[in-house]
Structure formats: C-alpha cells, structure tokens
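# Analysis of the macromolecular model
Residues per chain, in single letters:
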Amino acid sequence: MDKLVRRIEIPLAKKAIEKAGLYIVQKKDLDRLAEVAANAYQDYPLHNWFTKGKYDTKASKLIMQISLKTMTEDAVIYADSEEINGFAVWLPFGFTGSKTLPFLMNGGLKLILHSGLGIIGRLLTYENYAMKLKNEFTDNYDWYLYNLSIKKDAQGKGLASKLMRPMLQFCDDEKMVAYLETNKEPNVSLYRHYRFELMKEEVIPKSTVTHYAMVRYPKDEGNLATEKRELETCTPKLQNKML
C-alpha cells in the first residue's frame, strides 16, 4: 500500500467515520470482529465453497482473523459501537490483494492444519479472480468494501445503513468510486439501494459460486440530499440481508 495513502486518505476516512459517531476498531477487537463475521456468514456460498460445501464456523473465523490482522494497517475498520454488533472493512485505492507471507504469519498455517492445504488453493483462486475484476472495473482506484458483517441477533435494526452511509458520503466528498462484491443474488438489489451498479455476474472459476461485482460512482453534490432520502427509506427487512 502506498505510504501516501496511509498517511493521508486513511486518516481522512477515519475522521469521517468518527464524526458520524462510529467506533474505530482497535487491534484488541480483531478476534471479536472475526466472531461476528463467522456468525453472520453462516451458510454464505463463498465460505461454504472454501470448506468443500459445508459451512465450518472455525475455518470461517480463522479466515477472518487472518485477513483482519494482515490488513489492519492498510484498512479503515469500524463498528457500530464498542459492543461490536456489526462492522465494516474498507480498503483504499491501490489495494491489489493480501500478501502470502503475512497471511501465513498471521495464522495461515493454523488454518491449513484445521482445513487442509486445499483451502489455501481455493482462497487464492478466489482472491486472484476477485482482484482481477476489481482492477478491470476501477483500475484499483477505488474504496473497496472488503467486508460488511452484522450479528444475526442485531440484524433488522438499521445497522447496515448506519455503517454504510458515512463511508459512502466520504466517497462522494472525495469523488471516489466505491467497489464491492457479493456471492448472494438477493444482495444485489439491496446494494442497489446504495447506488451500486452490477458490472458482472459469473461463476467463480473452479467453483459453483456466483460472483456479483458492483461499482458505485460518486454522486454530484446537488443530488446528495436525494440519496440520503433514498437510504433512509431502506427498510429494516432489507438491511437485515446486507451481508
């Protein structure tokens, strides 16, 4: 990650998040975040594929622990509050994927011992594919929503919008593209409430999992009030499914 991005863009984004009253996650919170993600991603198609078709809570938690620890210096990671009922992870422009050595050093070997060497191959297949698409649609000049997770018992209470809105406002203010992917078809229409456009839909290589790549272009200043009203009309039922 470019040092200039770390020095300027990440602090600016964190300032916008704090101004919105959200909690900037600390290193001590990362294990709790992994637990929230493992809870939220039960039966998520991609994670099922990582573990050969059957959801493995421990493996999912390990994947999130490793990913969060690997990217903690390069990401904007925040939660609804210190209770951490939900959280979001955004990576700034220039992100091209996790590095293998830090991944292994932050727990990758433990994941291999638990799930077998094959899981690393599937993780690499997915990341190479996902990063190739991201580059295709944004030239890696984007804020990338890497993860949005909300605990099952906290869903339907508006947390998704609470987590999404400040960062999308920041992207508009900075005239930056936002990018995300999902592997559940119902989520496509939900992210469209936040003005993300579906750019590509196809099956991930060597899998049966469908990948939906979505881009959100910055909105003109004159239309921000309209977008705010649109976001506020997202019902709790819809937000409940934004994982």
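Residues numbered from 1 in each chain as written. Predicted model: local features only at pLDDT ≥ 70, side-chain atom pairs only at ≥ 80, totals over all residues. Heavy atoms only, no water.

### Considering the environment of Ser115
Take Ser115: it is sitting in helix α5 (residues 100-115). Sequence separation between Ser115 and Phe50 is 65 residues, and the spatial gap between their C-alpha atoms is 9.2 Å. (Helix = DSSP H or I, 4+ residues; strand = E, 2+ residues; numbered from the N terminus.)

### Quick look at the sheet that holds strand β3 (residues 86-91)
On the basis of which strands lie adjacent, the open sheet formed by 7 strands has the order β1-β2-β3-β4-β5-β7-β6 and mixed pairing. The strands lining the two open edges of the sheet, one partner per strand, are β1 (23-24) and β6 (197-203). Across 3 bridges, strand β4 (residues 142-150) lies against strand β5 (residues 177-182) in parallel orientation. Note that in β5 the partner of Asp142 across the bridge is Val177. Contacts from helix α4 (residues 57-71) reach β2 (76-79), β3 and β4, with the element oriented near 50° to β3. (Pairing = 2+ DSSP bridges. Contact = heavy atoms within 4.5 Å. Axes fitted to C-alpha atoms, helices over the stretch in contact; angles between N-to-C directions.)

### Here we look at the nonpolar core
Soluble globular proteins tend to pack their nonpolar side chains together in the buried interior. Counting 49 residues, the largest nonpolar core has Phe50, Phe87, Leu111 and Leu123 as its most contacted members. Counting residues per element, this core draws most heavily on helix α6 (residues 118-138), at 9 residues. With 32 residues, the next largest nonpolar core counts Ile150, Leu168, Val188 and Tyr194 among its residues. (Core = buried A, V, L, I, M, F, W, Y, C linked by side-chain atoms within 4.5 Å. Buried < 20%, exposed > 50% of the residue type's maximum accessible area, 1.4 Å probe, protein only.)

### Focus: the confidence of the model for the chain
For the chain, per-residue confidence averages 89 on the pLDDT scale, and residues scoring 70 or more make up 88% of the total. Counted against residues more than four places away or in other chains, residues 224-229, with its pLDDT under 50, gives 9 contacts. Segment residues 235-243: pLDDT under 50, and 27 contacts once partners within four positions in sequence are set aside and those in other chains are kept. (pLDDT = per-residue confidence, 0-100.)

### Some points on α5
With 16 residues, α5 ought to run about 22 Å at 1.5 Å a step, yet its terminal C-alpha atoms sit only 17 Å apart, falling short of that. Along α5, the sharpest change in direction is near 70° and occurs at Gly107. The set of residues buried in α5 consists of Phe103, Gly108, Leu111 and Ile112. Buried positions along α5 lie against α4 and α6. Where α5 ends, the next residue or the one after it, Gly116, has phi of about 95°, a positive value. (Expected span 1.5 Å × (residues − 1). Bend = angle between axes of the 7 residues up to and from the residue.)

### Re the side chain of Thr182
For Thr182, the position within the fold is in strand β5. Classification of Thr182 by relative accessible area gives buried; the value is 1%. Side chain to side chain, Thr182 and Tyr44 meet in a polar contact 3.4 Å long. (Polar contact = N/O pair within 3.5 Å; in protein donor to acceptor, adjacent residues only side chain to side chain.)

### Section: the pairing of β4
With respect to burial, β4 is a largely interior element, 8 of its 9 residues being buried. Note: β3 against β4, 6 bridges, orientation antiparallel. Within β4, the position partnered with Val89 by the bridge is Asn147.

### Observations concerning the packing of aromatic side chains
Tallying each qualifying case throughout the model produces 9 aromatic pairs. Between Trp49 and Phe50, the aromatic rings sit 5.8 Å apart at their centres with planes inclined by 40°, giving tilted as the arrangement. For Phe50, a relative accessible area of 4% puts it in the buried group. Both rings, one in Phe93 and one in Tyr141, keep their centres 4.9 Å apart while their planes meet at 40°; by these two values the pair is tilted. With a gap of 48 residues between them, Phe93 in the loop between β3 and α5 and Tyr141 in the loop between α6 and β4 connect regions that are remote in the sequence. Overall, the relative accessible area of 18% leaves Phe93 in the buried class. (Phe/Tyr/Trp six-rings, centres within 6.5 Å; stacked < 30°, edge-to-face > 60°.)

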